[in-house]
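Secondary and tertiary structure notes
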Amino acid sequence: MLAVAFESVVKLLAFTAVGAFVTWGMFDGFGDLARQAGALPELAEARAQQSTTAHYLSLAVLGFFAIFCLPRQFHVAVVENSGPGDLRMARWAFPLYLVAISIFVLPIANAGLVRGTGDADLFVLGLSLAAGEGGLALFAFIGGLSAATGMVIVASVALSTMICNEVAMPVLLRALPAWRERQDLTGALLLVRRTTIVLLLALGWLYHRWIVQNDALASIGEISFAAVALFGPAIISGLYWRQASRTGALASLGLGFAAWSWTLLVPTLIQAGLLPVALLDEGPGGIGWLRPTALFGLAWQPLAHGLVWSLGFATIGLVAGSRFGQRSLVERMQAASFVDTGAARADGGQRLLEHHVTARELRPLVERFIGGSRAARHFADLGWRGGEDASASAEQLESTQKLLASVVGAASAQRLVDAAIAGREMPLEDVVSIVDEASQALEFSRELLQSSLENVSQGISVVDAELRLVAWNRRYAEIYQ
């Protein structure tokens, strides 16, 4: 991270140096540069086109999603985030860096158009060389190399870690049972990650050489950013929509990726000569409304067209999959942990205040789930004032709900207390659901405990009241043979 941060500073200094030289060395400030660029007929014509606005808005949307969806962005913002102090600094340093590196983007672009230095990807180098500034061109080259290497390093580390942890190692551990008994897999992990990095770089090079030989670097980035943006709906919904589910996320990615492949990847393959041009002109089987660049008859700017359809299908898949799919207990627990926890506590406090439920009404409910003696101790500890016919306070109700939550789970406990407050019997399906959730939670806890015990290095055993050995982990058996 220190190396990447240093490279970012080098990139900023190099870009700023070229921008300042172009603005005040080659031209007479921002105003002069803007006037000369504005007089170019091709630039005025491009600005008047509607597609230019659509393309710009598409890039703005991609920039928004890229900040938290790109693997390298996620790696830096989450994996390498060592504490709240990092986030506090990033809140002002990251926007400030974006502003600083954006100041000279338009001046350099306008200068490249005015001087006609060729490929837009090489404006920074071309302008310096055209002005005879070899030292500045070398500094710009070093800055560009820093930008590229920083991007490639972080992206390669992030992707190799993800592929290793989520794809390669699970497959290898299932295919090679002997690996499960090994105490140290460090060498295997490093080998898998390094091999993955080499393969990723090779695939990127092959894609550039065979498919997009003549395309600018920016166009390659646009297509890949649009693919990564498909994670956006699922990530955002996971933070703000409690009903979002794993099924919805998978449906979102599946539909979105299919739309992205058809509207953005297929035209690229057609341009590379890997697919027939008739597919672009006539559509599959002559069905014109399925053409990749005019899906359902909407012929927009290519990037905007692909982005709208892919994100649209991703959103539809997310909503439909979450609405009609089944959510597991773990998913519901995760949703309760992430979504509106502060608001839920505030609403819960208000809900507990507005009631007239008494201890006499609560006791049968509590006894049904935790037993008579434990319920009696609970009500005695609460110290009900005015007898069991007095209304419970918010604190007493909250304590009762927490006690029930320890047995049936937080969501089920809230439904039980809500039913008591409303003075109604719980529907049979709710009772069945509560019992099912409680059994799932118990099974989940048991499996989690068993898995934890099996993977610790210490030998652990359990004895009963008669000091008889009743349970142990694998390490304990190894120690005592």
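What this report covers is the structure whose coordinates are included nearby.

Parameters and conventions
- Residues numbered from 1 in each chain as written.
- Predicted model: local features only at pLDDT ≥ 70, side-chain atom pairs only at ≥ 80, totals over all residues.
- Heavy atoms only, no water.
- Helix = DSSP H or I, 4+ residues; strand = E, 2+ residues; numbered from the N terminus.
- Contact = heavy atoms within 4.5 Å.
- Areas by Shrake-Rupley, 256 points an atom, 1.4 Å probe, with all protein chains shown as cover.
- Buried < 20%, exposed > 50% of the residue type's maximum accessible area, 1.4 Å probe, protein only.
- Polar contact = N/O pair within 3.5 Å; in protein donor to acceptor, adjacent residues only side chain to side chain.
- Arc of directions from axis to C-beta.
- Phe/Tyr/Trp six-rings, centres within 6.5 Å; stacked < 30°, edge-to-face > 60°.
- Salt bridge = Lys/Arg side-chain N within 4 Å of Asp/Glu carboxyl O.
- Expected span 1.5 Å × (residues − 1).
- Pairing = 2+ DSSP bridges.
- Patch = residues over 30% accessible without salt bridge, like charges linked within 9 Å, V, L, I, M, F, W, Y side chains within 5 Å.
- Axes fitted to C-alpha atoms, helices over the stretch in contact; angles between N-to-C directions.
- Parallel < 35°, antiparallel > 145°, perpendicular 65-115°, else oblique.
- Left-handed = near helix turned anticlockwise from the far one by under 90°.
- Core = buried A, V, L, I, M, F, W, Y, C linked by side-chain atoms within 4.5 Å.
- Nonpolar A, V, L, I, M, F, W, Y, C, P; charged D, E, K, R; others polar.

Moving on: the overall build of the chain. Helices and strands together make up the secondary structure of the chain, namely 23 helices and 2 strands. Intrachain contacts of the chain at a sequence separation of at least 6 include 64% that bridge at least 24 residues. Accessible surface, the chain: about 28900 Å² in total, of which carbon and sulfur atoms supply 64%.

With respect to the helices and strands, the residue Ser261 is situated in helix H13 (residues 246-271). A relative accessible area of 16% places Ser261 in the buried class. Within the structure, Ser261 has its side chain in polar contact with the backbone oxygen of Phe257 (distance 2.8 Å).

Moving on: unusual backbone geometry. Phi at Leu467 takes a positive value of approximately 60°, unusual for a residue other than glycine. By relative accessible area, which is 69% here, Leu467 ends up exposed. For Gln481, which is not glycine, the phi torsion reads 55° and is therefore positive. Relative to the elements of secondary structure, Gln481 occurs in the segment after helix H23 (474-479).

Next up on the list: helix H5 (residues 71-79). What H5 keeps buried is the set Pro71, Arg72 and His75. Along the long axis of H5, the arc covered by the buried residues comes to 105°, so they all point the same way.

Our next topic: the packing of aromatic side chains. Each pair of aromatic rings is reported with the distance of its centres and the angle of its planes. For the coordinates displayed, the defined rule picks out 12 aromatic pairs. With 5.1 Å between their ring centres and 55° between their planes, Phe296 and Trp309 make a pair best called tilted. In this pair, Phe296 is assigned in the loop between helix H14 (278-281) and helix H15 (302-324) and Trp309 in helix H15, connecting sequence segments 13 residues apart. Given a relative accessible area of 17%, Trp309 falls into the buried group. Grouping aromatic residues by their ring pairs yields a cluster made of Trp289, Phe296, Trp300, Trp309 and Phe313.

Time to look at the pattern of salt bridges. This model, assessed by the stated rule, comprises 2 salt bridges. For Asp464, the salt bridge identified is with Arg468, shortest N-O distance 2.9 Å. Assessed through its relative accessible area of 24%, Asp464 is described here as partly exposed. We classify Arg468 as exposed; its relative accessible area is 53%. Among the ionic pairs, Glu478 bridges to Arg475, the shortest N-O distance being 3.2 Å. Taken together, the residues span about one helical turn, with Glu478 and Arg475 both in helix H23 at a distance of 3 residues.

To continue, consider helix H18 (residues 359-370). Along an α-helix, residues three or four apart share an orientation, since each turn contains 3.6 residues. Over its 12 residues, H18 extends 15 Å from the first C-alpha to the last, a length consistent with the 16 Å expected when each residue adds 1.5 Å. Of the residues making up H18, those classed as buried are Ala359, Leu362, Leu365, Val366 and Ile370. Down the axis of H18, the smallest arc covering the buried residues is 125°, so these residues share one side. The first or second residue beyond H18 is Gly371, which carries a positive phi of 95°.

Once that is clear, we can look at the pairing of strand S2 (residues 469-472). Where strand S1 (residues 461-463) lies against S2, 3 bridges are found, and the strand directions are antiparallel. Bridging from a neighbouring strand, Val462 pairs with Ala471 of S2. Once S1 ends, the chain turns through 5 residues before running back antiparallel as S2, passing Leu467 with a positive phi of about 60°.

There is a patch of nonpolar side chains on the surface, built from Val9, Leu13, Leu138, Phe139, Phe141, Ile142 and Leu145 and spanning about 640 Å² of accessible area. Of all the secondary structure elements, the ones that give two or more residues to the nonpolar patch are helix H1 (2-26) and helix H9 (134-175). It is H9 that provides the largest number of residues to the nonpolar patch, a total of 5 residues. On the secondary structure map, Leu138 appears in helix H9.

The next subject is the packing of H9 against helix H10 (residues 186-210). At a minimum axis distance of 8 Å, the contact between H9 and H10 shows a crossing angle of 125°. With respect to H10, the axis of H9 lies oblique. Between H9 and H10 lies a crossing of right-handed hand. Facing Val152, Ser156, Leu159, Ser160, Thr161, Ile163, Cys164, Asn165, Ala168, Met169 and Leu172 of H9, the residues of H10 in contact are Leu189, Val192, Arg193, Thr196, Ile197, Leu200 and Leu201.

Here we take up the nonpolar core. One finds Leu62, Ala226, Trp260 and Leu311 to be the most contacted residues of the largest nonpolar core, which totals 17 residues. Formed by 15 residues, the second largest nonpolar core is a distinct cluster that contains Ala359, Leu365, Ala392 and Leu416.

The next point concerns the packing of H13 against H15. Running from N to C, H13 and H15 cross one another at 160°; their axes reach a closest spacing of 7 Å. Relative to H15, the element H13 is oriented roughly antiparallel. In this structure, H13 crosses over H15, and the sense of that crossing is right-handed. Across the contact of H13 with H15, the residue classes tally to 13 nonpolar, 12 polar and no charged.

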